[in-house]
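In case you want the letters, here they are:
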Amino acid sequence: MASYTDEASPQKYARIGGLLYLFIIVAAGFGELFVRGRLIQWGDAAATATTDAAAAAGAAATDAAASAADAAASAADAATDAAKK
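Calculation notes
- Residues numbered from 1 in each chain as written.
- Predicted model: local features only at pLDDT ≥ 70, side-chain atom pairs only at ≥ 80, totals over all residues.
- Heavy atoms only, no water.
- Patch = residues over 30% accessible without salt bridge, like charges linked within 9 Å, V, L, I, M, F, W, Y side chains within 5 Å.
- Areas by Shrake-Rupley, 256 points an atom, 1.4 Å probe, with all protein chains shown as cover.
- Salt bridge = Lys/Arg side-chain N within 4 Å of Asp/Glu carboxyl O.
- Helix = DSSP H or I, 4+ residues; strand = E, 2+ residues; numbered from the N terminus.
- Phe/Tyr/Trp six-rings, centres within 6.5 Å; stacked < 30°, edge-to-face > 60°.
- Buried < 20%, exposed > 50% of the residue type's maximum accessible area, 1.4 Å probe, protein only.

Asks: Help me understand a nonpolar patch on the surface in this model?
Replies: A contiguous nonpolar surface patch, about 500 Å² in accessible area, is contributed by Phe-30, Leu-33, Phe-34, Val-35 and Leu-39. Its location among the elements puts Val-35 in helix 1 (residues 10-39).

Encoded structure:
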């Protein structure tokens, strides 16, 4: 039989769940107050579409830059390993 210290407390899980729920509330509030206003131009659908496309292109460019940086770092590591041999 397991001792009490080996078992996870339901109260611990409840506190973790509560903290995560609080984090979700704060993140949603941030999204509604700050992000939404920058993405949507009220009354101008064309400007909203342009903003959305620019945000998507920026995300794609950021992902591509991160991938290129990772590839360069991997190549540098491989060159360093080869030089050590």
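Asks: Explain the packing of aromatic side chains here, please?
Replies: For any two aromatic rings, the description comes down to two numbers: the centre-to-centre distance and the angle of the planes. Tallying each qualifying case throughout the model produces one aromatic pair. Aromatic side chains Phe-30 and Phe-34 sit 5.4 Å apart centroid to centroid with 40° between the ring planes, which places their arrangement in the tilted category. A residue pair is termed a helical-turn pair when its members lie 3 or 4 positions apart in one helix, as Phe-30 and Phe-34 do in helix 1 at four residues. Judged by its relative accessible area of 47%, Phe-30 is partly exposed.

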